[in-house]
Amino acid sequence: MLRLAALLLLFVVFRLFLGLSWIQVVPALLIFYLGTGGWTFVRILIKTAKRDLVTGHLVLITRLKVWWYVRQKYTIPKLFQETVQRHPEKVALVFQGTDESWTFRQLDEYSNKVANYLYEQGFRSGDVIALFMESRNQYVGLWLGMAKIGVEAALLNSHVRQESLLHCINISHSKAVIFGSELADAVREVQSSLGKSLRLFCSGEWKAEDVPPGTEHLDPFLETASFRPPSPPPKGFLDKLFYIYTSGTTGLPKAAIIVHCRYFRMAALVFNGFRMTPDDIAYDCLPLYHAAGNIVGVGQCLLHGMTVVIRKKFSASNFWEDCVKYNCTIIQYIGEICRYLLNQPSQEAERKHHVRMALGNGLRSSIWKEFTTRFGIPQIAEFYGATECNCSVGNFDNKFGACGFNSRIVPGVYPINLVRVNEDTMELIRGPDGLCIRCKPGESGQLVGRITQSDPLQRFDGYLNHEANNKKVARDVFNKGDSAYLTGDVLVMDELGYMYFRDRTGDTFRWKGENVSTTEVEGTLSRILNMTDVVVYGVEVPGTEGKAGMAAVVDPDNSCDLESFAEEMRKALPVFARPVFLRMLSEVHKTSTFKFQKMDLRKEGYDPSVVKDRLYYLAPRQCRYLPLNEEVFKRIKAGQEKL
């Protein structure tokens, strides 16, 4: 930008003050431009102009639609009504578990029944109802029906239990919980701690003796409810739609606020950026309590008329058979899914499918080519974007290994940047002016996005917990007085502006496709061990995506009962949050502010030749901790030991 400004200034000087003609000015400017590094600029311009123009047009169209929808007080249910009018008898959702298919009309009528029944029961716009069930068609119809009367759904992770489950219900101030019958035991465990006024509704197979006392069976009520459209609530495009829970440095899950506008822009940018069509059929095996499954996946159904196949749980052995059976053209993934599929024996179905695009995030460069070649998938639609962030990027032109890009020619159009960060302390590095230092191409840094609350595409809606908001926002980042969202992730950008995921900073790591909060796991394990000091961190395991959990436990007298510990941990933590490795310490070092010093522990990992403390690893089938010696370590490094 400075070079362009200099060119304009020289043009004015040459023309007005020196009286030079056009024929004299143009060569002089060209010589100046090339002499100040302009060749690089020209080369970047030639290689990225088409990419930037196409994406700029996409963002402009999305911005104009958002402006109109905000002005007209649109909501996701209203946009869904337009989809129903276009495709009333087209299949909207297919549930793989039972082959149950719903047309758009049926989904509309089911959600109307939900809305009308809940309204009759006294629930009103602004109320919150927690939704706690595994993925299926009804899941979509339930939260959509709530939205039709302005009730906000709190989408609970179906794996949370005990204290985490109770916390998620309480922080959302839910007036009721709708749970699947398959999760009745989990609700029963916390019922005594729930408020007496909280109503419980069960959906699914009903056995009165299996559900918590006082539970109402929802399904019969919905059968007799009216399927007529309810009266629309006084909601607008910037109002709350539902809450998605994310793990973070605050410990227990945080409820991220998803407004109608955010749902639309996430789904729309993916649909248009990756050139999807309503004729595509998407295979969605990701949980619907996550943004990837519910917004990026199901959003294409609700907003764009695409058929979406829902699977309750990912199955590597049945993945391609499902794709062939339902004639899917788009599959959703997270990095782990791609690796699991590659680890499967070759089968005929993996080459008989019609999948043209794999959509998701976390596909590592090391398996990118192998994945596309083996399964014959021409396009990898990789993107980056946390549930609550304002700086998502997408790899719209199928660039190998990239998770997205930002323009090098006009970087200010989309105000995101990589800024330098101390990767040991995770603190932003600032210059003499107090502002953050932008990374140059090739330098790794934390991705941040400037916050402009008046701009629907740059606003940060945050969490229900305002303290959590403060930890995700930095001040004086690009200019004095501004603010920016901190992704907590380290990326690196190349000369053309393509971005590549490098690492996750802070007290979270990703394992089994889930974000794990080290603070939450530390608290749970400490309580199990009678408040013993526990340090949790992520460690790399060869051949796997993300990082496996490792817990360093203070046990100076070797008194820890590992069998009892593993059993209690199994009850309290979901599979992905259970530490794969244990290290027994005589003491743990802390900072002056009583924070655990994890850096050295993380660097030493679980190598018995480096770590002299007792080491154990979790045998997954027995859910038992076994000694980790040199022989086991070698098998893990070679990928021969299943974790």
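Because the structure is predicted, anything quoted here is derived from the model rather than measured.

**Quick look at the overall build of the protein**
Part 1 of the argument: Within the protein one finds 18 helices and 30 strands.
Part 2 of the argument: Expected size for 643 residues packed as a compact globule is a radius of gyration near 26 Å; at 26 Å, the protein falls within 12% of this value.
Part 3 of the argument: Overall, the C-alpha framework of the protein stretches about 95 × 70 × 55 Å when taken along its three principal axes.
Part 4 of the argument: Of all 643 residues assigned to the protein, the portion counted as buried reaches 55%.
Part 5 of the argument: Contacts in the protein between residues at least 24 apart in sequence constitute 69% of all its contacts with a sequence separation of at least 6.
Part 6 of the argument: If you sum the accessible surface of the protein, you get close to 28600 Å²; carbon and sulfur atoms cover 54% of it.
Part 7 of the argument: Placing the 77 positive and 69 negative side-chain charges of the protein at their respective mean positions leaves the two points 6 Å apart.

**Thoughts on the sheet that holds strand 26 (residues 534–539)**
Part 1 of the argument: The mixed open sheet is built from five strands, whose spatial order is 26-27-28-29-30. What marks the edges here is a single partner per strand, and that holds for strand 26 and strand 30 (624–627). Between one strand axis and the next, the sheet turns by 30° as a mean value, whatever way the strands run.
Part 2 of the argument: Here four bridges tie strand 29 (residues 614–619) to strand 30, and the two strands are oriented antiparallel to one another. Across the sheet, the residue bridging to Tyr616 is Pro627, located in strand 30.
Part 3 of the argument: In the packing of helix 15 (residues 518–528) onto the sheet, the strands contacted are strand 26 and strand 27 (548–554), and the crossing angle to strand 26 comes to about 140°.

**Focus on the environment of Gly376**
Part 1 of the argument: On the secondary structure map, Gly376 appears in the loop between helix 13 (365–375) and strand 14 (379–384).
Part 2 of the argument: Residue Gly376 is classed as partly exposed on the basis of its relative accessible area of 34%.
Part 3 of the argument: Leave out the neighbours within four places in its chain, and Gly376 touches Arg351, His353 and Val355.

**With respect to the sheet that holds strand 8 (residues 240–246)**
Part 1 of the argument: A sheet is described by the order of its strands in space; here seven strands give the open sequence 7-6-5-3-4-8-9, paired in mixed fashion. At either end of the open sheet lies a strand with only one pairing partner, and these are strand 7 (216–217) and strand 9 (254–259).
Part 2 of the argument: Set on the sheet, helix 9 (residues 260–273) makes contact with strand 8 and strand 9; between it and strand 9 the angle comes to about 80°.

**Things to note about the packing of aromatic side chains**
Part 1 of the argument: Under the counting rule described, the total for this entry stands at 26 aromatic pairs.
Part 2 of the argument: Aromatic pair Trp143 and Tyr263: ring centres 5.6 Å apart, planes at 55°, arrangement tilted. Of this pair, Trp143 sits in helix 5 (residues 137–148) while Tyr263 sits in helix 9; the two residues are 120 residues apart in sequence, bridging distant segments of the chain. Of the two residues, Trp143 and Tyr263, both sit in the buried class.
Part 3 of the argument: Grouping aromatic residues by their ring pairs yields a cluster made of Tyr283, Phe314, Phe319, Trp320, Tyr340, Phe371 and Phe375.
Part 4 of the argument: One cation-aromatic arrangement involves Arg124 over Tyr119; the distance from NZ or CZ to the ring centre is 3.6 Å.

Cut-offs and rules
- Residues numbered from 1 in each chain as written.
- Predicted model: local features only at pLDDT ≥ 70, side-chain atom pairs only at ≥ 80, totals over all residues.
- Heavy atoms only, no water.
- Helix = DSSP H or I, 4+ residues; strand = E, 2+ residues; numbered from the N terminus.
- Rg over C-alpha atoms; globule rule 2.2 N^0.38 Å.
- Buried < 20%, exposed > 50% of the residue type's maximum accessible area, 1.4 Å probe, protein only.
- Contact = heavy atoms within 4.5 Å.
- Areas by Shrake-Rupley, 256 points an atom, 1.4 Å probe, with all protein chains shown as cover.
- Lys, Arg positive; Asp, Glu negative; His and termini not counted.
- Charge placed at Lys NZ, Arg CZ, Asp CG, Glu CD.
- Pairing = 2+ DSSP bridges.
- Axes fitted to C-alpha atoms, helices over the stretch in contact; angles between N-to-C directions.
- Phe/Tyr/Trp six-rings, centres within 6.5 Å; stacked < 30°, edge-to-face > 60°.
- Lys NZ or Arg CZ within 6 Å of the ring centre and 35° of its normal.

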